[in-house]
Amino acid sequence: MDTSTRQRWLGALANSPMERLQALLPPALPAAPRWLRRAETGLMMLQGRSGGSGARFNLGEISVSRASCEIDGHIGHGWVRGGDGRHAELIAQADALLQNPARHAELMAAWIAPLEAELAERRAARSREAAASKVEFFTMVRGE
């Protein structure tokens, strides 16, 4: 499995609202996955870079929830911002199922494609809102 593909689906799952995952995922989830780590919440240090590409610096801490489970020999991990452990558990289960080659294509089409489309629409809506408040500044040149 390609790392960038896994990062893509984990990003879509983590950035989707919990309510959407609860509506979309449960029909395909197993009744009782084997939990390696039930949901737990802690702090993580965020790092930034000066100018986007310069030296790293510690920006601050953020709370995160994480969970890990095993389904059919595939280990899934879920990380999400905030203290919602159920969200992290749903992501972990989805991650484990998406690693199964027999179900990968089906679940990508059923789960990840719609979530990515919704995420793109939310981003476009935020961009439209920001563009509506854009202010153009200009400088008048004095004649010499």
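What comes next is a walk through the structure. Residue positions within a chain follow its written sequence, with the count starting from 1. Since the coordinates come from a predicted model, pLDDT governs what is reported: local features require at least 70, and pairs of side-chain atoms require 80 or more to be given and counted, while whole-chain, interface and lining totals use all residues. Side-chain metrics in this entry use all non-hydrogen atoms of the structure; hydrogen atoms and water are not considered.

What counts as a helix is a DSSP run of H or I of at least four residues, what counts as a strand is a run of E of at least two, and both are numbered from the N terminus. A tally of regular secondary structure across the protein chain gives four helices and three strands. Its helices and strands in sequence order give the protein chain the pattern α-α-β-β-β-α-α, from N to C terminus. For the radius of gyration, the atom set is restricted to C-alpha positions; the globular benchmark scales as 2.2 Å times the number of residues to the power 0.38. Its C-alpha atoms give the protein chain a radius of gyration of 20 Å, more than 25% over the compact-globule value 15 Å for 144 residues. Burial status across the protein chain gives 29% buried among its 144 residues. Burial here depends on accessible area, computed with a 1.4 Å probe over protein chains only, as a share of the maximum for the residue type. Under 20% is buried, over 50% is exposed, and the range in between is partly exposed.

It is worth spelling out the environment of arginine 38 at this point. You can see arginine 38 is positioned in strand β1 (residues 34-49). The contact partners of arginine 38, leaving out residues within four places of it in the chain, are Arg66, Ala67 and Glu89. Side chain to side chain, arginine 38 and glutamate 89 meet in a polar contact 3.2 Å long. Every residue pair with non-hydrogen atoms within 4.5 Å of one another is taken to be in contact. Counting of polar contacts relies on pairs of N or O atoms within 3.5 Å, with two restrictions inside protein: one atom must be capable of donating a hydrogen and the other of accepting it, and residues adjacent in sequence are counted only when both atoms are side-chain atoms.

In this section: helix α4 (residues 104-132). Each turn of an α-helix holds 3.6 residues, which means side chains three or four residues apart point in the same direction. Here the expected length of a helix is defined as 1.5 Å per residue gap, with one fewer gap than residues. Compared with the 42 Å implied by 1.5 Å per residue over 29 residues, the 40 Å span of α4 between its first and last C-alpha is a close match. At isoleucine 112, α4 shows its largest kink, close to 30°, and the proline proline 114 lies no more than four residues downstream. Those residues of α4 that sit buried are Leu107, Met108, Trp111, Ile112, Leu115 and Leu119. Turning to α4, the residues buried within the fold contact α1 (3-14), α2 (18-24) and α3 (85-98). Note on bend: at a given residue it equals the angle between the axes fitted to the 7 residues ending there and to the 7 starting there.

Moving on, we get to the layout of surface pockets. Estimated volume of the largest pocket: approximately 220 Å³. Considering the residues around the largest pocket, the lining is formed by 13 residues, among which Leu10, Ala14, Trp79, Val80 and Arg81 are closest to the centre. Breaking the lining of the largest pocket down by element, the ones donating at least two residues are α1 and β3 (74-81). Looking at the lining of the largest pocket element by element, the count peaks at five residues for β3. The rule is simple: put a 1 Å grid over the protein atoms alone, call a set of points where a 1.4 Å probe fits but cannot get out a cavity, call an open set with protein on both sides within 12 Å along at least five of seven lines a pocket, and count a residue as lining if it has an atom within 4 Å of a point. Grid points are joined across faces, edges and corners, and a volume is the space filled by probe spheres set on the points.

Paired strands are those between which DSSP finds at least two bridges. Where strand β2 (residues 56-71) and β3 come together, eight bridges link them in antiparallel fashion. From the neighbouring strand, alanine 67 faces β3, where its bridge partner is glycine 78.

Two quantities define a packed helix pair, namely the angle between the helix axes and the distance between the axes. Packing of α1 against α4 brings their axes to within 9 Å, and their N-to-C directions diverge by 50°. The orientation of α1 with respect to α4, classified from their angle, is oblique. Handedness of the α1/α4 crossing: left-handed. Every residue of α4 that contacts α1 at Thr5, Arg8, Trp9, Ala12 and Leu13 is listed here: His104, Met108, Ile112, Leu115 and Glu116. In this analysis an axis means a line fitted to C-alpha atoms, helices contributing only their contacting stretch, and an angle means the value between N-to-C directions, from 0 to 180 degrees. Oblique is the label for any angle not under 35 degrees, not over 145, and not in the 65 to 115 range, which are roughly parallel, roughly antiparallel and roughly perpendicular in turn. Rotating anticlockwise by less than a right angle from the far helix to the near helix defines a left-handed crossing, while the corresponding clockwise rotation defines a right-handed one.

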